[in-house]
Amino acid sequence: MASLLITHIGSLIGLHSENLLMLRGAEMAMLPRLENAWLLCENGLISDFGSMEALPAQLPNELETFSAEGGYVLPSWCDSHSHIVFAAPREEEFVMKIAGKSYEEIAAAGGGILNSAAKMQLATEDMLFQAASLRLNDMIKQGTGALEIKSGYGLSVDTEIKMLKVIRRLKENFELPIKASFLAAHAFPLAYKNDHQAYISIIINQMLPQIATEGLADYMDVFCEQGFFSVEETDQLLSAAAKYGLKPKIHANQLSVSGGVQVGVKHQAVSVDHLEATDEATIAALSNGNTIATLLPSCSFYLGIPFANARALIQANAPVALASDYNPGSSPSGNMNFVLSLGCIKLKMLPEEAINACTLNGAAAMELSATTGSITKGKKANLIITRAISSLAFLPYSFGQSQIKTVILNGKIQ
Ligand code: NIG
Ligand code: FE
């Protein structure tokens, strides 16, 4: 494999030390950098970097050189929450929403997750793989270099497994690391509307054993929300998943303060995601803890619901990550550059905080931060090269416009 030397880097961003696996509170504003730099990638990893004033004397034999022409180099975005395996978009609901219907009203009218689940039943694994591949290729062009993908539009044994197999195929066919979360507890199928325990029993006794045997999931996810899964049901599901070694990453407090954060923390969730509705008890539950608060501002933007209180979380010394929530119903975009902008504009995060939230803390929310999420020797050479920009703040400031010129995965220009 040829090595790659990137020269003339305007600023090399995110030089965290290898033992720093997650940032919390005030640390989130720390984003070490080196101006006028070079970076060497060998065997798919970052092997060295330094100042242009001191290029290494000894360079590998088979070497490709690439000038960043004054552009910035950052670690790729680590998007820790997505639902990119879906059969069809839902623009019709978008129009209902414009006409004034809420997310809950659309779901009650047969739209929402159950609409996607009905379409999912009919889709073949090949169709789903092709459609998700197109989305993933777009995300890679927009700088994503690590991704979590959820099931959750199957809601039956065969279809949940079909979705997880598509995610496995994406893992096998793409250069970026991918983690899979099992989200059969996303909504109750209509047939189980009045018999929640019957569906929960299918998840626990039929789906979980098969998924665990085949190693199809890395995490267990539950949509803990009024009208979806209660705190008690979430607790029951997370206990069952723990027996198979599946840690939680859960949907909590999206539409209301649901108690989902507390039950997630109780089960040592890697992350609790959404938190658009958050009270003091929620913040206190995450204060000084290791469960990452993953905020999804493009969901707030698209649904017109409140934005999460990132400042209070940072103030409470919690680790905060940002992710896209790419899905057909509440965030039909996987563009992490826009998420970064919203993190600054709407969540009032400083550019440094928001970049850490989109990189190292996103990686931590997938338990990948030992191998990706910062410019650190020995980590994956998954990188973003920007145009020559005037400052770091220009990235989130120029919202809706891509400043990315080149992306690199495993030391290879894409
Ligand atoms: O994260 N809230 C639950 N799940 C998704 C939306 C799913 C859908 O509407 O299709 C979310 O926002
Ligand atoms: Fe989600």
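The sections below set out a description of the structure shown in this document. No experiment lies behind these values; they were computed from the predicted model shown.

**Side note on the sheet that holds strand 12 (residues 292–295)**
No. 1: Taken in spatial order, the 8 strands line up as 6-7-8-9-10-11-12-13 in an open sheet, and their pairing is parallel. Only two strands of the sheet have a single partner each, and these edge strands are strand 6 (77–79) and strand 13 (320–322). For this sheet the average axis-to-axis angle between neighbouring strands, irrespective of direction, equals 25 degrees.
No. 2: Alignment of strand 6 against strand 7 (residues 144–150), held across 3 bridges, turns out to be parallel. Of the residues in strand 7, the one forming a bridge with W77 is T144.
No. 3: Those strands touched by helix 6 (residues 196–214) are strand 8 (178–185) and strand 9 (219–224), and its axis lies near 150 degrees from that of strand 8.

**Points about the coordination of the iron ion (ligand 2)**
No. 1: Surrounding the iron ion (ligand 2) are the protein donor atoms H81 (NE2), H83 (NE2), H251 (NE2) and D325 (OD), which sit 2.1 to 2.3 Å from the metal.
No. 2: Every donor residue of the iron ion (ligand 2) comes from the same chain, spaced as H-x1-H-x167-H-x73-D. Here H81 is found in the loop between strand 6 and helix 1 (91–98), whereas its partner H251 is found in strand 10 (residues 247–252), with 170 residues between them in sequence.

**Details of unusual backbone geometry**
No. 1: Despite not being glycine, N317 has its phi angle at roughly 65 degrees, a positive value.
No. 2: Positionally, N317 belongs in the loop between helix 11 (310–315) and strand 13.
No. 3: The phi torsion at N410 lies on the positive side, around 50 degrees, for a residue other than glycine.
No. 4: With respect to the secondary-structure elements, N410 resides in the loop between strand 15 (404–409) and strand 16 (412–413).
No. 5: With relative accessibility at 12%, the residue N410 sits in the buried group.

**Points about the site of ligand 1**
No. 1: As a structural note, the neighbourhood of ligand 1 is formed by 15 residues, with Y103, Y153, H186, Q254 and S330 the closest of them.
No. 2: The separation between a nitrogen atom of ligand 1 and a polar side-chain atom of Q254 is 2.5 Å.
No. 3: With respect to ligand 1, the side chain of S330 contributes an N or O atom lying 2.5 Å from an oxygen atom.
No. 4: Computed on the free molecule, ligand 1 has an accessible area of 330 Å², of which 100% lies beneath the protein chains in the complex.
No. 5: The pocket occupied by ligand 1, as judged from atoms lying within 2 Å of grid points, is the largest cavity.

**Things to note about the pattern of salt bridges**
No. 1: Applying the stated criterion across every chain yields a total of 13 salt bridges.
No. 2: Across the pair D126 and R169 runs a salt bridge, and its minimum N-O distance is 2.8 Å. With a gap of 43 residues between them, D126 in helix 4 (residues 125–141) and R169 in helix 5 (residues 157–173) connect regions that are remote in the sequence.
No. 3: Judged by its relative accessible area of 45%, D126 falls in the partly exposed class.
No. 4: For R169, a relative accessible area of 24% gives the class partly exposed.

**Brief notes about the nonpolar core**
No. 1: Ranked by size, the top nonpolar core spans 105 residues in total, and within it V85, L136, L170, F182, M220, L295 and M349 carry the most contacts.
No. 2: Sort the elements by how many residues they give to this core and helix 6 lands first, with 8 residues.
No. 3: The two domains that each donate at least three residues to this core are domain 1 (3–74 + 374–413) and domain 2 (78–364).

**Some thoughts on helix 5**
Three or four residues apart is the spacing at which side chains of an α-helix point the same way, because the helix has 3.6 residues per turn.
No. 1: Between its first and last C-alpha atoms helix 5 spans 25 Å; for 17 residues at 1.5 Å apiece the expected length is 24 Å, and the two agree.
No. 2: All buried positions along helix 5 are accounted for by V157, T159, E160, I161, K162, M163, L164, V166, I167 and L170.
No. 3: Those residues of helix 5 that are buried lie in contact with helix 3 (112–122), helix 4, strand 7, strand 8 and helix 6.

**Focus: the pairing of strand 9**
The side chains of a regular strand alternate between the sheet's two faces.
No. 1: Burial within strand 9 is extensive, with 6 of its 6 residues counted as buried.
No. 2: Neither face of strand 9 is open: one carries Y219, D221 and F223, the other M220, V222 and C224, and all of them are buried.
No. 3: Where strand 8 meets strand 9, 3 bridges bridge the pair, whose relative direction is parallel. The partner of F182 across the bridge, within strand 9, is M220.
No. 4: Handedness of the crossover joining strand 9 and strand 10 through helix 7 (residues 231–242): right-handed.

**A short note on the layout of surface pockets**
No. 1: Approximately 390 Å³ is the volume attributed to the largest pocket.
No. 2: Contributing to the lining of the largest pocket are 17 residues, with A107, A108, L114, G227 and F228 lying nearest its centre.
No. 3: Of all the secondary-structure elements, those providing two or more residues to the lining of the largest pocket are helix 2 (103–108) and helix 3.
No. 4: Here the element with the most residues in the lining of the largest pocket is helix 2; it accounts for 4 residues.
No. 5: Of the residues in the lining of the largest pocket, the class split is 9 nonpolar, 6 polar and 2 charged.
No. 6: Taken together, 17 residues line the second largest pocket, and the ones lying closest to its centre are Q268, A269, V270, N290 and T291.
No. 7: The residue makeup of the lining of the second largest pocket, split by class, is 10 nonpolar, 5 polar and 2 charged.

Rules and cut-offs
Residues numbered from 1 in each chain as written. Chains lettered and ligands numbered in written order. Predicted model: local features only at pLDDT ≥ 70, side-chain atom pairs only at ≥ 80, totals over all residues. Heavy atoms only, no water. Pairing = 2+ DSSP bridges. Helix = DSSP H or I, 4+ residues; strand = E, 2+ residues; numbered from the N terminus. Axes fitted to C-alpha atoms, helices over the stretch in contact; angles between N-to-C directions. Contact = heavy atoms within 4.5 Å. Donors = N, O, S within 2.8 Å, 3.2 Å for Na, K, Ca; no water. Buried < 20%, exposed > 50% of the residue type's maximum accessible area, 1.4 Å probe, protein only. Near = heavy atom within 4 Å. Polar contact = N/O pair within 3.5 Å; in protein donor to acceptor, adjacent residues only side chain to side chain. Areas by Shrake-Rupley, 256 points an atom, 1.4 Å probe, with all protein chains shown as cover. 1 Å grid on protein atoms, 1.4 Å probe; cavity = no way out; pocket = protein on both sides within 12 Å on 5 of 7 lines; lining within 4 Å. Sits in = over half its atoms within 2 Å of the grid points. Salt bridge = Lys/Arg side-chain N within 4 Å of Asp/Glu carboxyl O. Core = buried A, V, L, I, M, F, W, Y, C linked by side-chain atoms within 4.5 Å. Domains from an automatic or database assignment. Expected span 1.5 Å × (residues − 1). Right-handed = clockwise from strand over helix to strand, strands pointing away. Points joined across faces, edges and corners; volume = space filled by probe spheres on them. Nonpolar A, V, L, I, M, F, W, Y, C, P; charged D, E, K, R; others polar.

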